[in-house]
Amino acid sequence: MPELPLSGITVVSVEQAVAAPFATRQLADLGARVIKVERPDGGDFARRYDTSVHGESSYFVWLNRSKESLTLDLKSARGRDIVERLLGEADVFVQNLAPGAAARLGLGADALAERHPTLIPCAISGYGTSGPWADRKAYDLLVQCQTGLVSLTGTARETARVGVSIADIAAGVYAYSGILTALFTRATTGVARAVEVSLFEALAEWMSQPAYYTRHGGTQPPRMGTQHATIAPYGAYPAADGREVLFSVQNEREWRALCDRFLGRPELADDPRFATGPARVAHREELNTIVAERFRTLDSARVRQLLDEAGIANAGVNDVGEFLEHPVLDGRERWRDVPIPGAVVPALLPPVDLAGVTARMDAVPALGEHTDTILTALGHSAAEISGLRAERVV
């Protein structure tokens, strides 16, 4: 098996919850050694979000494969000394501690640059490490609310959160790409640059289209469930068997094909109410009535067949169980077995395929599983490790 692209890179991460663990898991997938520093009294609190995966948290299993778990009390002088020695041999340091905590522990970017000039520090925060909200705590739904995402999500009657941790995921992805960029910069220039990502600014980037629409259109896009503010027809419609099928018309060719081959009403293609995209949006209710009436005459399989024949993309509205059995995941062999404490579970391969590279899919660690091994490598004797454990440093 060829060497993974990030083999030889060591990452020390004082991480918890979702954003930072997602960033470092992606580094681990490509071969980086990730030492996850956890509190001795329970570790990453995401370990206790639920117990659905053979007693383990679904969040933790998702985010922490292929890592080493080291328990360490960073509030103790001996704990800080151990992490300092690890950082002396590391390439990257990642942390998403509470506001101000890293600086108080001497682990802020400026302090680290003085002691470890080749180290790449990455800070993941709620609202940035400077500015008027630097001291505010944040979590995913708070950021969904602050960026206006919740005001766009749901129906006309009520708002809704996005059903996954989208702000955390966005921040984790940007932290990962920022770290890769910093590693490339260091390799080509010798300069180690700090990386900073906030949940708020990561999700703010994803809010750019509705931001432009609102700033220049005079009003924000309305909440429309599966419908779309600027495209029609667009959405999920119930077929005769009660199953919903989602589709949209993306251009005028598709609109004509829909009228001719699905609706069976080719004259609608040039009807002034529907002949252009803006006209269809303006007459959305009339158009939805026409589409819904046609859906009610067909079962969902026939709806999808006719839309396929018309060259219009469509999908059934799956639940999570149906997603797990999706033919694309099976046909492209996206599942791999990953050990967790006490069991083995299927996990999805990372979404980016690199030719000739097989992503690492190693075990999810138990709390403190690698503590003795890491400390021994740093030169601690078995008696010293026992003493550290007795003092609750590890």
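**Brief notes about the overall build of the protein**
Reasoning step 1: Broken down by element type, the protein carries 18 helices and eleven strands.
Reasoning step 2: Dimensions of the protein along its principal axes, counting C-alpha atoms only, are 85 × 45 × 40 Å.
Reasoning step 3: When each of the 394 residues of the protein is scored for burial, the buried share is 46%.
Reasoning step 4: Partitioning the contacts of the protein with sequence separation of at least 6, the portion at a separation of at least 24 is 66%.
Reasoning step 5: Carbon together with sulfur atoms contributes 53% to the accessible area of the protein, which is approximately 20100 Å² in total.

**What about helix H1 (residues 19-29)?**
Reasoning step 1: Burial analysis of H1 places eleven of its eleven residues in the buried class, the great majority of the element.
Reasoning step 2: Those residues of H1 that sit buried are Ala19, Ala20, Pro21, Phe22, Ala23, Thr24, Arg25, Gln26, Leu27, Ala28 and Asp29.
Reasoning step 3: A positive backbone phi angle near 110° is found at Gly31, which sits one or two residues after H1.

**As for the nonpolar core**
Reasoning step 1: Counting residues in hydrophobic clusters, the biggest one holds 35 residues, and the most contacted among them are Val11, Val94 and Ile124.
Reasoning step 2: Broken down by secondary-structure element, the contributors of at least two residues to this core are H1, strand S4 (92-95), strand S5 (120-125), helix H8 (166-189), strand S6 (195-198) and helix H9 (199-206).
Reasoning step 3: Examining the composition of this core, we find that nine residues originate from one element, H8, more than from any other.
Reasoning step 4: Contact partners of Ile124, with chain neighbours within four places excluded, come to Ala19, Ala20, Val94, Gln95, Asn96, Ala171, Ala175, Val197 and Leu199.
Reasoning step 5: Counting residues in each nonpolar core, the second largest holds 26 residues, with Phe247, Cys259, Leu263 and Leu306 among its members.

**A word on the pattern of salt bridges**
Reasoning step 1: One pass over the full model with this rule turns up 22 salt bridges.
Reasoning step 2: Among the ionic pairs, Glu15 bridges to Lys67, the shortest N-O distance being 2.8 Å. Placement of the pair is Glu15 in the loop between strand S1 (10-14) and H1 and Lys67 in strand S3 (residues 67-71), with a sequence separation of 52 residues. Both residues of the pair, Glu15 and Lys67, belong to the buried class.
Reasoning step 3: Overlapping salt bridges, with partners in common, bring together Glu15, Lys36, Asp44 and Lys67 in one network.

**Regarding unusual backbone geometry**
Reasoning step 1: Residue Pro233 is bonded to the preceding Ala232 through a cis peptide linkage, with omega at -5°.
Reasoning step 2: Its location among the elements puts Pro233 in the loop between helix H10 (208-217) and strand S7 (234-238).
Reasoning step 3: Here the phi dihedral of Ala17 falls at roughly 65°; this positive angle occurs in a residue that is not glycine.
Reasoning step 4: On the accessibility criterion, Ala17 (15% relative accessible area) is buried.
Reasoning step 5: For Glu333, which is not a glycine, the phi torsion comes out positive at approximately 55°.

Parameters at a glance
Residues numbered from 1 in each chain as written. Predicted model: local features only at pLDDT ≥ 70, side-chain atom pairs only at ≥ 80, totals over all residues. Heavy atoms only, no water. Helix = DSSP H or I, 4+ residues; strand = E, 2+ residues; numbered from the N terminus. Buried < 20%, exposed > 50% of the residue type's maximum accessible area, 1.4 Å probe, protein only. Contact = heavy atoms within 4.5 Å. Areas by Shrake-Rupley, 256 points an atom, 1.4 Å probe, with all protein chains shown as cover. Core = buried A, V, L, I, M, F, W, Y, C linked by side-chain atoms within 4.5 Å. Salt bridge = Lys/Arg side-chain N within 4 Å of Asp/Glu carboxyl O.

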